[in-house]
Amino acid sequence: MPVTVLGAGAWGTALASHAARVHDVRLWGRDAGELAAIGAARENARYLPGVPLHPGLRTEPDLQAALAHAAQPGGLLVIATPVAGLRDMAQAWLAHASAARMVWLCKGFEPDTGRLPHQMVQEVIDAHGGRAAGNGGPSGPSFAREVAQGLPCALTVASDDPVVCERVQQVFHHHAMRIYASEDIVGVEVGGAVKNVLAIATGASDGLGLGLNARAALVTRGLAEMTRLGMALGGRTETFMGLTGVGDLILTATGDLSRNRTVGMRLAQGGKLDDILRDLGHVAEGVRCARAVLALAKQQGVDMPITEAVCEVLFNGLPVQTAVERLLQRDARAE
């Protein structure tokens, strides 16, 4: 199957390499020099150092050629940019081949609008006359480095188009990766977005040395926040008990490879946000979308005290210890 992945970061490269075990895959990136280095060394030295890529993976520096590859019959376009790049890539896709199936990998809300990825894509489609093939997105507990190393992983693809789900399963459901299908695109995307914010909180707790009891409490109560918001937006309760809800939350909140968890830990240890983000060298979507999550919660009348505490720490200079104390002082209530 012809597959194109747009975005040569850690996750895009890892999934492209995995898909190349079975399919004809092209990897495109904005930096032509970096892309050429990936192709020559068979390694993404910037994002996945020391991990060899599958020899069948081909890099493609020309965007139009990359799009044309995915536009072939039975092809799939995978947008692997952060949320901030999704609109531009979706516009390029529609301008070139609106009949091609397209999915995205980004997790989060658009900071300025509070839109989920599928809403952003729908706005692009509407602006182009409202005609396009089905689309959706795979999500779930997944660190790019482990996927690139061929370690086991399970994801969920969400779409209201069964052809998209089938095609994503054909592309990625092999070797050590399992792909499940869901029609609940809202629930899947809310889980993928909110877990990043909650991982910052859990990282901060661990950075303060508050113990495993505190970590378990934050993960559990964070899941309650995520579920309340997701249901208010039209998601299904069972989705948040699955891979893209509790599964992704547990991984991102507790795994040492989590960028959002790292942000929380370093904030608790006295680091400055700008310095932390610069040192990461990767996007931490929880920082980018935290304000949007809180604004949407207030708009929907959903109580999200952990998310509110994270925003106070990130953007208003509230000390992490003070944020924890405020959470502990909240009135008792029913679970």
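Quick caveat, the model's predicted, so the values are computed rather than measured.

Scoring rules and cut-offs
Residues numbered from 1 in each chain as written. Predicted model: local features only at pLDDT ≥ 70, side-chain atom pairs only at ≥ 80, totals over all residues. Heavy atoms only, no water. 1 Å grid on protein atoms, 1.4 Å probe; cavity = no way out; pocket = protein on both sides within 12 Å on 5 of 7 lines; lining within 4 Å. Points joined across faces, edges and corners; volume = space filled by probe spheres on them. Helix = DSSP H or I, 4+ residues; strand = E, 2+ residues; numbered from the N terminus. Nonpolar A, V, L, I, M, F, W, Y, C, P; charged D, E, K, R; others polar. Salt bridge = Lys/Arg side-chain N within 4 Å of Asp/Glu carboxyl O. Buried < 20%, exposed > 50% of the residue type's maximum accessible area, 1.4 Å probe, protein only. Axes fitted to C-alpha atoms, helices over the stretch in contact; angles between N-to-C directions. Parallel < 35°, antiparallel > 145°, perpendicular 65-115°, else oblique. Left-handed = near helix turned anticlockwise from the far one by under 90°. Contact = heavy atoms within 4.5 Å. Pairing = 2+ DSSP bridges. Right-handed = clockwise from strand over helix to strand, strands pointing away.

1. Side note on empty space enclosed by the protein
Line of reasoning, step 1. Counting across every chain of the model gives 3 cavities of 30 Å³ or more.
Line of reasoning, step 2. As for the largest cavity, its lining consists of 13 residues, and the residues nearest its centre are Trp104, Cys106, Ser139, Val188 and Glu189.
Line of reasoning, step 3. Within the residue set of the lining of the largest cavity, elements represented by two or more residues are strand S6 (135–139) and helix H8 (185–207).
Line of reasoning, step 4. A per-class count over the lining of the largest cavity returns 7 nonpolar, 4 polar and 2 charged.
Line of reasoning, step 5. Reported here for the second largest cavity is a volume of approximately 50 Å³.
Line of reasoning, step 6. In terms of lining, the second largest cavity is formed by His18, Arg21, Val147, Gly150, Leu151, Ala176 and Met177.

2. With respect to the pattern of salt bridges
Line of reasoning, step 1. Summed over all chains, the structure comprises 17 salt bridges.
Line of reasoning, step 2. Its salt-bridge partner being Arg215, residue Asp206 comes within 3.0 Å of it at the nearest N-O pair.
Line of reasoning, step 3. Residue Arg215 is classed as partly exposed on the basis of its relative accessible area, which comes to 22%.
Line of reasoning, step 4. Measuring nitrogen to oxygen at the nearest pair gives 3.6 Å for the salt bridge that ties Arg261 to Asp256.
Line of reasoning, step 5. Relative accessible area serves as the criterion here: at 5%, Arg261 is assigned to the buried category.

3. So, unusual backbone geometry
Line of reasoning, step 1. In this model, Arg42 sits at a positive phi of 55°, which is unusual for a non-glycine residue.
Line of reasoning, step 2. Along the chain, Arg42 falls in the loop between helix H2 (32–41) and strand S3 (58–59).
Line of reasoning, step 3. Here His175, not a glycine, exhibits a phi torsion of approximately 55°, which is positive.
Line of reasoning, step 4. Checked against the element boundaries, His175 lands in the loop between helix H7 (162–172) and strand S8 (177–182).

4. Notes on the layout of surface pockets
Line of reasoning, step 1. Roughly 1200 Å³ of internal volume is contained in the largest pocket.
Line of reasoning, step 2. In terms of lining, the largest pocket is formed by 44 residues, of which the most central are Ala10, Trp11, Arg259, His282 and Val283.
Line of reasoning, step 3. Classifying every residue of the lining of the largest pocket gives 19 nonpolar, 13 polar and 12 charged.
Line of reasoning, step 4. When its volume is computed, the second largest pocket comes out at roughly 800 Å³.
Line of reasoning, step 5. Around the second largest pocket, the lining comprises 31 residues; the ones closest to its centre are Leu218, Arg221, Ile306, Leu327 and Leu328.

5. Some points on the packing of helix H9 (residues 212–232) against helix H10 (residues 243–254)
Line of reasoning, step 1. As a packed pair, H9 and H10 sit with axes 10 Å apart at the nearest point and diverge in direction by 140°. With respect to their mutual orientation, H9 and H10 come out oblique. Our pair here, H9 against H10, has a crossing hand that is right-handed. Of H10, the residues touching H9 (which contributes Arg215, Val219, Gly222, Leu223 and Met226) are Gly245, Val246, Leu249, Ile250, Ala253 and Thr254.

6. Considerations on the pairing of S6
Line of reasoning, step 1. With 5 of its 5 residues buried, S6 lies for the most part within the structure.
Line of reasoning, step 2. Across the two faces of S6 the burial is the same, with Asn135, Gly137 and Ser139 and Gly136 and Pro138 all buried.
Line of reasoning, step 3. Relative to S6, strand S5 (residues 101–104) runs parallel, the two sharing 2 bridges. Along S6, the bridge assignment pairs Val103 with Gly136.
Line of reasoning, step 4. Once the chain exits S5 it traverses helix H5 (residues 117–127) before rejoining the sheet at S6, and the crossover so formed is right-handed.
Line of reasoning, step 5. Both S6 and strand S7 (residues 153–158) contribute to a ladder of 3 bridges, which runs antiparallel. Counterpart to Pro138 in the pairing with S7 is Val157.

7. Some words on the environment of Arg326
Line of reasoning, step 1. Position of Arg326 among the secondary structure elements: in helix H15 (residues 320–328).
Line of reasoning, step 2. Considering only alpha carbons, one finds Arg326 and Ala309, 17 residues apart in sequence, at a separation of 8.3 Å.

The values are spatial; any link to function lies outside them.
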